[in-house]
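Structural overview for review
Below are the chains, spelled out letter by letter.
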Amino acid sequence: MAGRQIRVNINGTDHQAIVEPRLSLADFLRHELGLTGTHIGCEHGVCGICNVLIDGRSMRSCLLLAVQVDGRSVETVEGLAEGEKLHPIQEAFMDEQGLQCGFCTPGFIMSLKELLDRNPNPSEDEIKDVLGGSICRCTGYAGILRAVQSAVAKMGGGRPSLLD
Amino acid sequence: MSEKSTEGRPLKWVGTRPVRPDGVEKVTGRARYGADFARPDMLWGHVLRSPHAHARIRRIDVRRALELDGVKAIVTGDDLPEIASEQAFVGEEPTDYRMLSQNVLARGKVGYVGHAVAAVAATTSAVAEEALRLIEVDYEILPHVLDVLSATADDAPLVHDDLCDRKGVKKNPSNIANEIEMGHGDPEAAFTNADVVVDRSFTTQAVHQGYIEPHACLAEAGPDGQVTIWCSSQGQFMVRGYTAKLLGLDLAQVRVVPAEIGGGFGGKTTVYLEPLAVALSQRSGRPVKMVMSREEVFRATGPASATRIRVKIGATKEGQFLAGEAWLDYEAGAFPGSSVAAGSMTIFAPYAFEHARSHGRDILVNKPKSAAYRAPGAPMAAFAVESVVDDLARQLEIDPIDLRLQNAAREGVQSSFGPRYKRIGFVETLQAAQEHPHYDAPLQPNQGRGVAAGMWFNAGLQSSAAVMVNADGSVSVISGNPDIGGSRASLAMMAAEEFGIEYEKVGVRIGDTASVGYNDVTGGSRVTLATGKMVVEASQEVISQLCERAAKVWDVDVKRVHWADGKAKVLDDEAIEPLGLAEIATGAARTGGPIQAIASGSVRGVGMSFGVHLCDVEVDPETGKVDVIRYTAFQDAGRAIHPSYVEGQIQGGAAQGIGWALNEEYVFDDSGRLENSGFLDYRMPVASDLPMIDAVIIEVPNPDHPYGVRGVGEAPIVPPIPAVVNALRAATGVCFSDLPVSPPRVLEALDAVS
């Protein structure tokens, strides 16, 4: 199959690659670039754990083709920390037991980053709306809700009343 | 075996909440799961699966597939060794090697839609998938059976006609693979003395464990016969044992490297891909990677059994349970080995019965082979028995917790599955639930409250751990159990406690099969309990070595040296400066070499953990939708080493049980094809479906563990189904006996009464 050339900025670095038109963005990130932090749980756009940010918007990387991100910027979980310094959302997930097995964690973190970048003080409904787009089978979501509350506080927003 | 008590001893780490050791890796995407491994020159493998529920394989023609450019190897059933019938003991569910081999790759016939028929390795994933379409299989379609009623009918088609019992003797042809009976007394006679008898039947559908990480592995077979497997599982030794057996390899030739595991819940206590990946690697001479799609996970890996359960309990009008009898039929799938034995053991376990009996049947149907799912077999049994207990409380007009307290199992009581109970915390757990503000909180119209109890065992089994002191004074612990619920933290905390050092100075790693002694699977809520016990023992052995080394340095009798606060001290001479770990370890070359200890053992003294859950639901009478609006789960953890992980286990188990009650089910069409093989149609709870689940830890120490630990991982999924259904009954006045209580079913029931 003939390859197509794409140029894409991933986590701040420009990449050029020749990709097969049928290659998914998730497979491109994982297999071509070795960015295995983006996990694949269902490959039909439901579980949300492969979420990445495309020009700041969270999208399912399993449902996108690599050729569709030509000329765009992609942010994955690997791009969040600055050296040793974790992003506040990452810190919150770790400190508040927002994870158990950790497989869904990158997807949750990326969709919450989109939310908090746009709105540092989201309402409880807005938070649940975003969280409801991904599946975690381990936690029952209690730790994840605590992590969101902590991340909002860390990032200077108000405190949502999820735990009251 | 160490039985050292911690009574009265001040604890520095046990019971605290330090930061999780796997946190940074998991939030940065650096943790490596099953599908994250790669090797140079690696091939991709895919599996051809049966489109039929039951068919004889007349012929498989792989010639066209082999001719496809990029295809390097194909294996079919003829390529794997024939395996004799033999019971395996390395997994969690009862497994026969012959049946396991046939489930991994069909021989002669297929038993369910999704059954593996052939496997292909090719240079790319896409080529391997294309090759599957070029394999021609000539099937002779056979009649199939899809539920226990049709499978046990007189004229039922046989799923197997060559079944053997556990001793290898051929059985009479039938789809009943196994029958068990247990209990004591004479329930039939005792029912005649009862003032009240409730006798009801229940059905549950197959549900999937729903781990988000699909099965994945990478295998490399060298020309010298050495095999390495990287994979995500609940036991690297289980993968090694099963794969070696199925392929006729020596255990010493196979090394299994555990990946981080993206959820298992019992479903990763067996093998599906690993033997195929090794066989493909042997034939191609190249490493082979295989990753399941979500559809394959649903169609071909273990759901929990669908069940039909009848429960009969007789009681006096004062509320004393006189007798209980239960009949449990569990679907095994296309191969024997459902969780019916555990269901039969747990069904009456929370209560003291003078007369109790359960009859279990393991029944073959043309569906995927069932697999362990968190407290395997117990949630369905609890649904039945706790619904009946709820009925009794209503009929006798006794508070449901009072009724349970009156009959609760406690120390010294004869359990329905055999032994007498040692110290257990069921009574304390019930009392905590009764005293909690949730129990008396007011409810609104269309709302109802349910209560239910449940228990699960803590398996002991075989465990090993290695503990070594490094030159800088840090301590390395190697565990042979994949960390599925926080065992790296709990093992590190117990080691830090033993040594009297900082938690951060202990590094726990999960070793591969060549780096630590044998361990049974991470399952049965056993790792913090059993492997934890080995870590404590090995730590104590290392501490006595440290005292000996210090005695050598000081040239004093070792009897005068003791260990306290992370240092060796001379008991009767405070002038001698104590020696810490780093000081002793740095000088180890002069006192006898590296300091380490290994502890291995068969851990006995099985524990129990009991849970009691309170659930409030609100029913929408227009749509039949049931919302869980408040949920509090109480559980005896013995002693919570790291309470946050214990709470996490309780919340996660409760969420799975709520999903099982409300929505989750395998839906098959008449031809035996699963109709909802994706997350869109197999609806697992998301955040907006659940309230904040409140976890309350009760601590009644387990006398068989040095820190009093009870395994907590599985018990939390046992009470939720009856808690939800009893709440639904309180809200609507309608008895529900069939799962799931999804909106159409609820609406139908509401319409029927109105």
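Residues numbered from 1 in each chain as written. Chains lettered and ligands numbered in written order. Predicted model: local features only at pLDDT ≥ 70, side-chain atom pairs only at ≥ 80, totals over all residues.

1. Some details on the environment of A156(B)
Residue and element names in this part refer to chain B.
- Structurally, A156 can be placed in the loop between helix 5 (148–151) and strand 9 (176–184).
- Each C-alpha atom, one on A156 and one on P143, is 8.8 Å from the other, the two residues being 13 residues apart in sequence.
- Aside from chain neighbours lying at most four places away, what touches A156 is V145, S150, A151 and N175. (Helix = DSSP H or I, 4+ residues; strand = E, 2+ residues; numbered from the N terminus. Contact = placed C-beta atoms within 7 Å.)

2. Section: the sheet that holds strand 30 (residues 693–698) of chain B
Residue and element names in this part refer to chain B.
- Strand order in the open sheet formed by 4 strands is 20-28-29-30, and the pairing between neighbours is mixed. Unpaired on one side and paired on the other, strand 20 (447–458) and strand 30 mark the two borders of the sheet. Each strand axis lies, on average, 15° off the axis of its neighbour in the sheet, ignoring direction.
- Here strand 20 pairs with strand 28 (residues 607–619) via 12 bridges, running antiparallel. Paired with R449 across the strands is D616, a residue of strand 28. (Pairing = 2+ DSSP bridges. Axes fitted to C-alpha atoms, helices over the stretch in contact; angles between N-to-C directions.)

3. Details of the confidence of the model for chain B
All names here are of chain B.
- For chain B, the average pLDDT comes to 95, and 97% of its residues sit at 70 or higher.
- In the model, residues 1–5 has pLDDT below 50 throughout and makes 6 contacts with residues more than four positions away in sequence or in other chains.
- Complex prediction metrics read pTM 0.96 and ipTM 0.97. (pLDDT = per-residue confidence, 0-100.)

4. A look at the domain arrangement of chain A
Residues and elements named next belong to chain A.
- For chain A, the domain assignment lists domain 1 (4–79) and domain 2 (88–154).
- Put simply, the middle of domain 1 and the middle of domain 2, counted by C-alpha atoms, are 21 Å apart.
- Taken together, the contacts link 14 residues of domain 1 with 13 residues of domain 2.
- Of all the secondary structure elements, the ones that give two or more residues to the side of domain 1 that touches domain 2 are strand 3 (51–54) and strand 4 (57–60).
- If you tally residues by element for the side of domain 1 that touches domain 2, the top one is strand 3, at 3 residues.
- Taken together, the residues that form the side of domain 1 that touches domain 2 break down as 6 nonpolar, 7 polar and 1 charged. (Domains from an automatic or database assignment. Nonpolar A, V, L, I, M, F, W, Y, C, P; charged D, E, K, R; others polar.)

5. Some details on the interface of chain A and chain B
- Listed as interface residues are 43 residues of chain A and, on the opposing side, 41 residues of chain B.
- Considered class by class, the residues forming the side of chain A that touches chain B number 23 nonpolar, 15 polar and 5 charged.

6. Quick notes on the packing of helix 11 (residues 378–396) of chain B against helix 20 (residues 720–732) of chain B
Residues and elements named next belong to chain B.
- Where helix 11 contacts helix 20, the axes come no closer than 8 Å and their chain directions differ by 35°. Handedness of the crossing formed by helix 11 with helix 20: right-handed. Where helix 11 approaches helix 20, its residues P379, A382, F383, E386, S387 and D390 are matched on the opposing element by I721, P722, V725, N726 and R729.
- A breakdown of the residues in the contact of helix 11 with helix 20 according to their chemical character gives 6 nonpolar, 2 polar and 3 charged. (Left-handed = near helix turned anticlockwise from the far one by under 90°.)

7. Brief notes about the domain arrangement of chain B
All names here are of chain B.
- Under the domain assignment, chain B is made up of domain 1 (34–142 + 215–291), domain 2 (303–459 + 606–753) and domain 3 (460–603).
- Relative to domain 3, the C-alpha centre of domain 2 lies at a distance of 39 Å.
- Contact with domain 2, which involves 20 residues of that partner, is made by 17 residues of domain 3.
- Of the residues forming the side of domain 2 that touches domain 3, the biggest block, 3 residues, is contributed by strand 20.
- The class makeup of the residues in the side of domain 2 that touches domain 3 is 11 nonpolar, 8 polar and 1 charged.

8. Describing the environment of D681(B)
Residues and elements named next belong to chain B.
- In this fold, D681 is placed in the loop between helix 19 (643–662) and strand 30.
- D681 sits in the exposed class, given 12 other C-beta atoms within 10 Å.
- Separated by 268 residues in sequence, D681 and V413 place their C-alpha atoms 45 Å apart. (Buried ≥ 20, exposed ≤ 12 C-beta atoms within 10 Å, placed from the backbone.)

9. Things to note about the pairing of strand 4 of chain A
Residues and elements named next belong to chain A.
- Note that strand 3 and strand 4 share 4 bridges and pair antiparallel. Residue pairing in the sheet places V52 in a bridge with M59 of strand 4.
- Hairpin remark: strand 3 followed by strand 4, antiparallel, with 2 residues in the connecting loop; positive phi at D55, about 50°.

10. Remarks on the sheet that holds strand 19 (residues 355–364) of chain B
Residue and element names in this part refer to chain B.
- One open sheet holds the 5 strands; their spatial order is 9-19-18-17-10, and the pairing between them is mixed. Bordering the open sheet on either side are strand 9 and strand 10 (196–204), each of which pairs with just one other strand. Averaged over all pairs of adjacent strands, the angle between their axes in this sheet comes to 10°, without regard to strand direction.
- Examined bridge by bridge, strand 17 (residues 307–315) and strand 18 (residues 321–333) share 9 bridges and lie antiparallel to one another. For K312, the partnering residue across the bridge sits in strand 18 and is E325.

11. Some remarks on helix 4 (residues 124–131) of chain A
All names here are of chain A.
- Buried within helix 4 we find I127, K128, V130 and L131. The arc that holds the buried residues of helix 4, viewed along the axis, is 160°, so those residues lie on one side.
- Here the buried face of helix 4 lies against helix 3 (105–118) and helix 5 (142–154). (Arc of directions from axis to C-beta.)

12. Brief notes about the pairing of strand 2 (residues 55–61) of chain B
All names here are of chain B.
- As judged from the 2 bridges shared by strand 2 and strand 6 (residues 109–110), these two strands associate in the antiparallel manner. Note on strand 6: the bridge partner recorded for R56 is K109.
- Here strand 2 pairs with strand 8 (residues 136–141) via 6 bridges, running antiparallel. For R56, the partnering residue across the bridge sits in strand 8 and is E140.

13. Some details on the packing of helix 2 (residues 88–95) of chain A against helix 5 of chain A
All names here are of chain A.
- Contact pair helix 2 / helix 5: the axes reach a minimum separation of 8 Å and the direction vectors enclose 140°. It follows that helix 2 is oblique to helix 5 by the angle criterion. At the point where helix 2 passes helix 5, the crossing takes the right-handed sense. Here P88, I89, E91, A92, F93 and D95 of helix 2 come into contact with helix 5, specifically with A147, S150, A151 and K154.
- Along the lines of polarity and charge, the residues of the contact of helix 2 with helix 5 split into 6 nonpolar, 1 polar and 3 charged. (Parallel < 35°, antiparallel > 145°, perpendicular 65-115°, else oblique.)

14. Quick notes on the nonpolar core
- Judged by nonpolar contacts, the single largest core of 295 residues is most densely connected at L276(B), V477(B), A495(B) and V724(B).
- In terms of residue count, helix 16 (residues 527–554) of chain B provides more of this core than any other element does, 12 residues in total. (Core = buried A, V, L, I, M, F, W, Y, C linked by C-beta atoms within 7 Å.)

15. Let's talk about unusual backbone geometry
- Going from L739(B) to P740(B), the amide bond is cis rather than trans, its omega being -10°.
- Note that P740(B) resides in the loop between helix 20 and helix 21 (743–753).
- One non-glycine residue, N11(A), lies in the positive phi region at around 50°.
- Positionally, N11(A) belongs in the loop between strand 1 (4–10) and strand 2 (13–19).
- A positive phi angle, near 50°, is found at S525(B), a position not held by glycine.
- By secondary structure assignment, the location of S525(B) is in the loop between strand 23 (506–510) and helix 16.
- According to the C-beta neighbour criterion, S525(B) is buried, with 26 such atoms within 10 Å.

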